[in-house]
Amino acid sequence: MIDKLMLCNCLQSQQLDSAAIASTFPGKCSPVYSSLCTAQSHHAAAAMEEGSVIVACQQESAAFLEIASELEVDAPGFVDLRDRAGWSDEAQSAGPKQAALIAESLIPTPRMRSVDVESEGLCLVLGSPDLAFEIAGQLADVLSVTVLLDALPEDTPMDRRFDIVVGRLSAARGAFGGFVVQLDALRRQEPGGRGSFKYSEPRDGAQSECDIIIDVRRGNSLFAAPEKREGYLRADPGSFGAVHRVVLEASQLVGTFEKPLYVRLNETLCAHSRSSRTGCTRCLDACSTGAISPAGDHVAIDAMVCAGCGECAAVCPSAAILQDAPPSEHLFQRMNVLATTYRSAGGRNPRLLVHAAEHGNEMIGMCARFGRGLPADVIPLALDAIGGFGHAEMLAALGVGFAEVLVLLSPSTPRDTLVNQVKLAECIGARDRIQFIDIVDPDELSEQLFDREQVSLVERILPIGTRRQVAKLTAKLLNPDLDAPLPLPASSPYGAIDVNSDACTLCMACASHCPTQAILDNADRPQLRFQEDACIQCGLCAEICPESAIALVPQLNLDPETREHVVLNEEEPYLCVRCAKPFGVRSMIERVSEQLANKHSMFQNEDAIRLMQMCDDCRIVAQYHAVNNPFAGAPRPRTLTGED
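Here is what the cut-offs are and how they apply
- Residues numbered from 1 in each chain as written.
- Predicted model: local features only at pLDDT ≥ 70, side-chain atom pairs only at ≥ 80, totals over all residues.
- Heavy atoms only, no water.
- Core = buried A, V, L, I, M, F, W, Y, C linked by side-chain atoms within 4.5 Å.
- Buried < 20%, exposed > 50% of the residue type's maximum accessible area, 1.4 Å probe, protein only.
- Contact = heavy atoms within 4.5 Å.
- Pairing = 2+ DSSP bridges.
- Helix = DSSP H or I, 4+ residues; strand = E, 2+ residues; numbered from the N terminus.
- Arc of directions from axis to C-beta.
- Patch = residues over 30% accessible without salt bridge, like charges linked within 9 Å, V, L, I, M, F, W, Y side chains within 5 Å.
- Areas by Shrake-Rupley, 256 points an atom, 1.4 Å probe, with all protein chains shown as cover.
- Salt bridge = Lys/Arg side-chain N within 4 Å of Asp/Glu carboxyl O.
- Lys, Arg positive; Asp, Glu negative; His and termini not counted.
- Charge placed at Lys NZ, Arg CZ, Asp CG, Glu CD.
- 1 Å grid on protein atoms, 1.4 Å probe; cavity = no way out; pocket = protein on both sides within 12 Å on 5 of 7 lines; lining within 4 Å.
- Points joined across faces, edges and corners; volume = space filled by probe spheres on them.
- Nonpolar A, V, L, I, M, F, W, Y, C, P; charged D, E, K, R; others polar.
- Disulfide = S-S within 2.5 Å.

Trainee: Give me the nonpolar core: which residues, what numbers.
Mentor: The biggest cluster of nonpolar side chains holds 58 residues, and the ones touching the most others in it are Leu-81, Met-335 and Phe-402. Residues within four places of Phe-402 in sequence aside, it is in contact with Met-335, Leu-338, Ala-339, Pro-350, Arg-351, Leu-352, Ile-379, Ala-397 and Ser-456.

The structure is reproduced here in structure tokens:
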């Protein structure tokens, strides 16, 4: 628990509602200082010596961390009130918002899982000879550099601090600390002899490894989404500044680094494939870096390549992939605390502004310092990446009390997945409550936010449970009088199936392959049962059905009866001709018997047909007592006695 909150109005340039803040802050609030980072820093030092502190200033965090280091006390926490709430045309009514932002900053951040990545500084430089040699010369003292050229250079430098090879790069995979490249027509430099260095004879199929790749070629990049591939540094060869930044960044990539593990994968829940038939491919379609690949019945995620955009977790219908940096539960908690605290401090109809941390903080800071700032009812929520902010999170924001969800896009934000998730949320009932803001001008951002107003829901939910459960809870709030299923777009994670009973033979292939057990058989009689609440529309049942008797019906049915099993198709069982025990499907056994009788070499007599019409137990007994007993062995040898 935080003991004290340090408030500062930044040279009296902002208004802080200390009464509203104190009404919800669990600890003690300081007086409102005006220059806490400079002339009044001794007050901050005294508070740090007394206990844990949170400082309501993000800009000067380095100064307060330095004070804590000198005092050898725990580092304080920080919350930005000035840019997000204090510098605003509506600062006089921003007290509830300030209280909400402070309450959110008190939520502990879950510890992120990570792995260590070792980099020995093995660097491969791709580019034209002049530029590649220049880069190699600059990095040769800190990295182990190899220059790869497409053709023999006219003039080979005599600098032996780096290596030069000639060849064709045919394939590349991996990420920082573990790149693997394949080369054809490879010719290595032979440094011996008089005159210019010579090169070896070309050979194909060479493979090498490196930690860093610097690509200053013109044309296509080696990887999809190159800006997200760690260790792959690409720059326009015509831009001196871009090349310089790449060289500087590469020089720092030696040592041991922590690689965050952004998502968790539960292979047993994955609905990608069964029996070599493909079902769900949503994560494969969404991943822009190629970090996800098929691996039998499930998918595999290369944690080294994963850039943490979160789109795979947003679209996964079975929760096999979950966001872990941080988890969805933490995001639900943040939104709930923001909305609840805002209302308890006297605010009404809050709006949530979701943004990527780096781009959004800069936009908000600029419009606050030089423009109108944010309205008092717009509460910003910074995320490392907004690609994982899917329909469940959008609906959860409305469910906890926000009137509207505004998603601020950056120039590098992937659009496709977000657009599809918004469409899904709108079909579920959030129409006109979710909006994209795709602008890069801070002044336009302010104007657009000040011109909008929404009314929030009267009832609210507590966002506990899985993403799927939270989404359905909000859907009930948005559709209180719903008496029919909501139609949804294709590839939605909710829905039912339509079974053509005339074509269905009750072979139960669909039931045996359903990953969520939404489709079940009945051990007592030929019966196909279905539980709509568990269906994730993975498509495996339709793909695997030999009769093509199943069609997907994407919809959201909020009726409680969807949790129960309903019968989609059933027939009378066949009665064993020997013991009269019911087994199998009557129509199927009769049809097969009719088609095989006297028409197949193995079914030329009545006894062979009767075997098909018996249950498993009777069939074994009948075969055992048959003339040509398939279970019979050689006669048992005579038992030897003492007389022998």
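We are not done yet, so read on.
Trainee: Quick rundown of the sheet that holds strand β29 (residues 550-556)? Include the residues and the values.
Mentor: Spatially, the 3 strands line up as an open sheet ordered β25-β29-β26, and their pairing is antiparallel. Here the strands that pair on one side only, and so sit at the sheet edges, are β25 (486-487) and β26 (495-499).

Trainee: How would you summarise the sheet that holds strand β28 (residues 527-530) if you had to cite specific residues and measurements?
Mentor: In spatial order, the strands read β27-β28-β30; together these 3 strands make up an open sheet with antiparallel pairing. The open sheet has two edge strands with one neighbour each: β27 (519-520) and β30 (566-570). For β28 and β30, the ladder comprises 4 bridges, and the chain directions are antiparallel. Paired with Arg-529 across the two strands is Val-567, which belongs to β30.

Trainee: So, helix α2 (residues 41-50): which residues are in play, and what are the values?
Mentor: Looking at α2, one finds that the buried residues are Ala-44, Ala-45, Ala-47 and Met-48. Down the axis of α2, the buried set is contained in an arc of 165°. They therefore lie on one face. Along α2, the residues that are exposed and aim more than 90 degrees away from the buried face are Glu-49 and Glu-50.

Trainee: Describe unusual backbone geometry, naming the residues involved and giving the relevant values.
Mentor: Note that the residue after Ala-325, namely Pro-326, is joined by a cis bond; omega there is -5°. Mapping Pro-326 onto the fold places it in the loop between β20 (321-323) and α10 (328-344). With phi around 45°, Ala-225 is a residue other than glycine that occupies positive phi space. With respect to the helices and strands, Ala-225 occurs in the loop between β12 (212-215) and β13 (232-234).

Trainee: A description of a negative patch on the surface should follow, citing residues and the corresponding values.
Mentor: Taken together, the side chains of Asp-116, Glu-118, Glu-120 and Glu-258 define an acidic patch exposed on the protein surface. Within the secondary structure, Asp-116 is located in strand β5 (residues 114-119).

Trainee: Tell me about the pairing of strand β9 (residues 179-190), residues and numbers included.
Mentor: With 7 bridges connecting them, strand β8 (residues 163-173) and β9 associate as antiparallel partners. Of the residues in β9, the one forming a bridge with Ala-172 is Val-181. Linking two consecutive strands that pair antiparallel, namely β8 and β9, is a turn of 5 residues; a positive phi of about 100° is found at Gly-174 within it. Direction of pairing for β9 relative to strand β11 (residues 206-210): antiparallel, over a ladder of 5 bridges. When the sheet's bridge partners are listed, Val-181 is paired in β11 with Ser-208. Summarising the sheet, β9 and strand β10 (residues 198-199) pair through 2 bridges and their orientation is antiparallel. Bridge assignment links Gln-189 to a residue of β10, and that residue is Tyr-199.

Trainee: Can you tell me about the layout of surface pockets, naming the residues and giving the values?
Mentor: Roughly 670 Å³ of volume is contained in the second largest pocket. Of all the elements in the fold, those that place two or more residues in the lining of the second largest pocket are α9 (311-315), β20, α10, α12 (391-400) and α15 (467-478). For the lining of the second largest pocket, the class distribution of residues is 19 nonpolar, 10 polar and 8 charged.

Trainee: Give a description of the environment of Gly-167 that names residues and reports values.
Mentor: Looking at where Gly-167 falls in the secondary structure, it is placed in strand β8. Using a relative accessible area of 4% as the deciding quantity, one classes Gly-167 as buried. Sequence separation between Gly-167 and Gln-189 is 22 residues, and the spatial gap between their C-alpha atoms is 11 Å. Those residues in contact with Gly-167 that sit more than four places away from it in its chain are Leu-148, Leu-149, Asp-150, Asp-184, Ala-185 and Leu-186.

Trainee: Describe in detail the state of the cysteines, supporting the description with residues and values.
Mentor: Going through the model one piece at a time under the given rule, you end up with 0 disulfides. In this model Cys-8 remains outside any disulfide bridge; the closest cysteine sulfur is found in Cys-10, 6.0 Å from its own. For Cys-8, a relative accessible area of 11% gives the class buried. Summary of cysteine pairing: Cys-615 is not part of a disulfide, and the nearest cysteine sulfur, belonging to Cys-618, is at 3.5 Å.

By themselves, these figures tell us nothing about what the structure is for.
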